[in-house]
Amino acid sequence: MIELRPFKSLGAADHGWLRAKHHFAFGDYFDRSRLGWGSIRVWNDDTIAAQSGFPPHGHADMEIITYVRKGAISHKDSLGNAGRTEAGDVQVMSAGSGIRHSEYNLEDEDTQIFQIWIHPTSRGAAPSWGAKPFPKDDRAGRFVTLASGFGDEDALPIRTDARVLGATLKAGESATYELTPERHAYLVPSLGKVEIDGVIVDTRDGAAITGLDRITVRAIEDAEVVLVDAA
């Protein structure tokens with residue numbers, strides 16, 4: 001099953017400095033049919049105005065993955081970590097027993113991110129944070145694991161039964177990803193338009209996938225896609 005969730009159908013919020021689209025119920029947006037997808041709880045498509053952002057706030061027992069689509073995000077947290085993550089790169093935060101952090105766009109242009117929350121496999125572990133560059137050329141024509149709960153080499157570690165993957169495809173190129181039918185996959189093109197087994201998925205649309213043992217993603221136009229494979 002592949003369920004298309006067009007960008008225009010997503011929940012929305014406009015706070016002035018933050019314009020957000022919600023693939024799943026979040027904040028003031030509630031949709032009982034979109035409370036999550038497997039262990040995926042949140043997929044927010046955020047546009048953060050220049051010189052603004054999220055002031056310090058807390059999280060616990062959630063794996064939080066930030067994929068930067070445009071610009072950069074600057075992070076500080078209660079563990080003493082600080083970092084700046086640029087477009088195409090990824091940061092992860094395992095909130096565990098509790099962590100406070102801020103996320104600011106200190107650039108002179110809008111920053112756009114996907115922020116993805118996945119339920120952890122256990123609760124109460126020590127919190128942690130990490131970030132890593134993932135050059136787009138390294139994922140040309142194929143899926144590359146960006147974050148993983150399975151110890152995949154070169155991927156950022158997360159504490160959940162899931163992988164976060166990225167691929168960049170030229171128009172006409174295809175990439176195949178192996179699943180098992182009981183898994184829950186969710187794919188969003190950051191840029192471009194793709195076809196997944198006959199379903200057309202445009203920029204920033206969501207595709208909720210389950211019951212399949214593999215998917216083939218074909219680029220209709222040059223595309224950059226993010227895929228989460230979760231329990």
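The coordinates are above.
What counts, and at which threshold
Going along each chain's sequence as written, the residues are numbered from 1 onward. In view of the model being predicted, local features appear only for residues whose pLDDT reaches at least 70, and side-chain atom pairs are presented and counted only at 80 or more, with totals across whole chains, interfaces and linings using the full set of residues. The basis for the side-chain values is all heavy atoms of the structure; hydrogens and waters are excluded. Buried residues are those whose accessible area, probed at 1.4 Å on protein chains only, stays under 20% of the maximum for their type, while exposed residues exceed 50% and partly exposed ones sit between those limits. Put simply, DSSP H or I for four residues or longer makes a helix, DSSP E for two residues or longer makes a strand, and each gets a number counted from the N terminus. Here, any two strands with at least 2 DSSP bridges between them count as paired. Angular values range over 0 to 180 degrees, each being the angle between N-to-C directions of two axes fitted as lines to C-alpha atoms, with helices fitted over their stretch in contact. Any pair of nitrogen or oxygen atoms within 3.5 Å is treated as a polar contact; in protein, a donor-acceptor pairing is required on top of that, and neighbouring residues in sequence qualify only through side-chain atoms on both sides. Throughout, a contact is declared for two residues whenever any of their heavy atoms are within 4.5 Å.

**Structural notes on the pairing of strand 7 (residues 72-77)**
No. 1: Within strand 7, 5 of the 6 residues are buried, leaving the element largely enclosed by the surrounding structure.
No. 2: The pairing of strand 7 with strand 8 (residues 82-86) spans 5 bridges and is classified as antiparallel. Across the sheet, I73 pairs through a bridge with T85, a residue of strand 8.
No. 3: Two successive antiparallel strands, strand 7 and strand 8, enclose a turn made up of 4 residues, where G80 displays a positive phi of approximately 95 degrees.
No. 4: Pairing of strand 7 with strand 10 (residues 99-105) involves 4 bridges; the strand directions are antiparallel. By the bridge assignment, S74 is partnered in strand 10 with Y104.

**As for the sheet that holds strand 9 (residues 90-94)**
No. 1: Ordered in space as 2-3-4-11-6-9-12, the 7 strands form an open sheet in which the pairing is antiparallel. Strand pairing shows two members of the sheet lacking a second neighbour, strand 2 (11-14) and strand 12 (128-132), which therefore form its edges. On average, adjacent strands in this sheet sit at an angle of 15 degrees to one another, irrespective of strand direction.
No. 2: In this sheet, strand 4 (residues 40-48) lies alongside strand 3 (residues 18-22) in antiparallel orientation, the contact comprising 5 bridges. Across the sheet, the residue bridging to H22 is N44, located in strand 4.

**A word on the side chain of H23**
No. 1: As for its position among the elements, H23 is in the loop between strand 3 and strand 4.
No. 2: The exposure class assigned to H23 is buried, which follows from its relative accessible area of 0%.
No. 3: Engagement of the side chain of H23 in a polar contact is seen with the side chain of Y186, the distance being 2.8 Å.
No. 4: With residues up to four places along the chain from it excluded, the contact list for H23 reads R5, L10, R34, W43, Y186, V188, R204, D205 and G206.

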